[in-house]
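Examination of the molecular architecture
The primary structure of each chain is shown beneath.
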Amino acid sequence: MISWKLKKRRYNFYVYTCAVENLFVDKDDPDYDGSVFPSCNGVMFVKTVTIVENNVVSIYGLKGMLIDKNKLLEEFPVIDDKTPIDDFPEKFAIRTDNIDLIRELSARGKKITWLDPDIIKFPSILAAIPFEHLLINPMVGEYAILPTGESKTAVLMNKKKVNKDVDFSRINNSKVLFSRQIGFSVHDFNRRINFKQLLSGKIFSIIGTNKKLDLFNNNYLKLAYYNILSITYMICKKNYIATNAQKNLVNKD
């Protein structure tokens with residue numbers, strides 16, 4: 001399961017624009033901003049909300065528009081990556097950049113939840129290892145996460161002499177890399193979010209800034225939406241290929 005990191009002012013973006021199914025709040029993050037899953041109309045496609053608190057991961061289902069505390073789907077600990085490898089339980093969450101450790105734990109058949117991985121440094125690992133859950137922050141500034149398992153610096157404004165890998169500055173007028181494969185449509189995005197209303201200040205900014213939302217910031221949101229679709233596509237495609245390979249192997253036997 002993939003869950004996306006919820007912070008204040010991101011709820012509308014995730015729910016009404018990205019139409020995600022799973023969200024998580026990380027109360028143990030040093031930068032935790034007091035976010036909670038809000039009680040507001042229309043949870044769209046949201047199925048679960050994960051709370052990380054006091055080194056425990058709790059995954060809840062919903063009842064109407066609220067977290068249902070009586071519908072605890074899963075609960076497991078967050079284990080420090082300095083823990084001796086033989087002391088890891090069968091199921092756990094971990095914050096780490098130690099890819100060798102993750103590979104070793106996966107080889108031992110552990111059910112790993114990767115908590116807030118660095119998707120700029122390790123995008124390919126998201127699909128390479130069979131994680132139980134991935135708790136991801138897709139808003140990583142000026143980086144595009146491609147479905148090939150690469151992260152690329154992205155031009156968001158039409159500036160001269162900018163040394164970046166890929167150009168997203170004309171995102172409103174031309175298709176970007178892999179847009180057809182991952183189902184990214186800027187026109188659909190623009191229909192789902194009312195930038196004029198955001199600029200008026202009638203509802204809170206969904207990117208966590210008091211500055212006015214200009215084209216540059218809008219492109220940040222579009223890039224985050226692109227990353228959500230791209231990561232989901234990459235992982236689902238990898239799982240589909242692996243499942244079919246397994247089926248073919250079984251059929252041959």
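This section reports on the structure supplied with the text. Please read these numbers as outputs of a predicted model, since none were measured by experiment.

To continue, consider the nonpolar core. Of all hydrophobic cores here, the largest spans 63 residues; its most connected members are W4, F13, F37, W114, L126, F168 and F184. Sorting elements by how many residues they give to this core places helix 7 (residues 215-252) first, with 10 residues. The contacts of F184, once residues within four sequence positions are left out, are I171, V176, S179, K222, Y225, Y226 and L229. The next biggest cluster of nonpolar side chains, apart from the first, holds nine residues, and it includes V57, I59, F76 and V78.

With that settled, the discussion passes to the pattern of salt bridges. On inspection of all chains with the given rule, the structure shows 14 salt bridges. Note that K47 and E21 form a salt bridge whose closest N and O atoms lie 3.7 Å from each other. Here E21 lies in the loop between helix 1 (11-18) and strand 2 (22-26) and K47 lies in the loop between strand 2 and strand 3 (48-53), a separation of 26 residues in the sequence. Judged by relative accessible area, which is 37%, E21 ranks as partly exposed. Residues R95 and D26 are paired through a salt bridge, measuring 2.8 Å at the closest nitrogen-oxygen approach. Of the two residues, R95 sits in the loop between strand 6 (91-94) and helix 2 (99-107) while D26 sits in strand 2, which places them 69 residues apart along the sequence. Through salt bridges with shared partners, one network takes in K5, D29 and D116.

Burial of helix 1 is extensive: seven of the eight residues sit out of reach of the surface. By the burial criterion, the buried members of helix 1 are Y11, N12, F13, Y14, V15, T17 and C18. Where helix 1 ends, the next residue or the one after it, A19, has phi of about 55 degrees, a positive value.

On the basis of which strands lie adjacent, the open sheet formed by three strands has the order 9-10-11 and mixed pairing. At either end of the open sheet lies a strand with only one pairing partner, and these are strand 9 (143-145) and strand 11 (166-167). In this structure, strand 10 (residues 151-155) lies alongside strand 11, joined through two bridges in parallel fashion. Within strand 11, the position partnered with V155 by the bridge is D167.

Now for the side chain of T17. The residue T17 is located in helix 1 in this model. If near-sequence neighbours (up to four positions away) are discounted, T17 is found in contact with N12, F189, R192, I193 and Y225.

Rules of the game
Residues numbered from 1 in each chain as written. Predicted model: local features only at pLDDT ≥ 70, side-chain atom pairs only at ≥ 80, totals over all residues. Heavy atoms only, no water. Core = buried A, V, L, I, M, F, W, Y, C linked by side-chain atoms within 4.5 Å. Buried < 20%, exposed > 50% of the residue type's maximum accessible area, 1.4 Å probe, protein only. Helix = DSSP H or I, 4+ residues; strand = E, 2+ residues; numbered from the N terminus. Contact = heavy atoms within 4.5 Å. Salt bridge = Lys/Arg side-chain N within 4 Å of Asp/Glu carboxyl O. Pairing = 2+ DSSP bridges.

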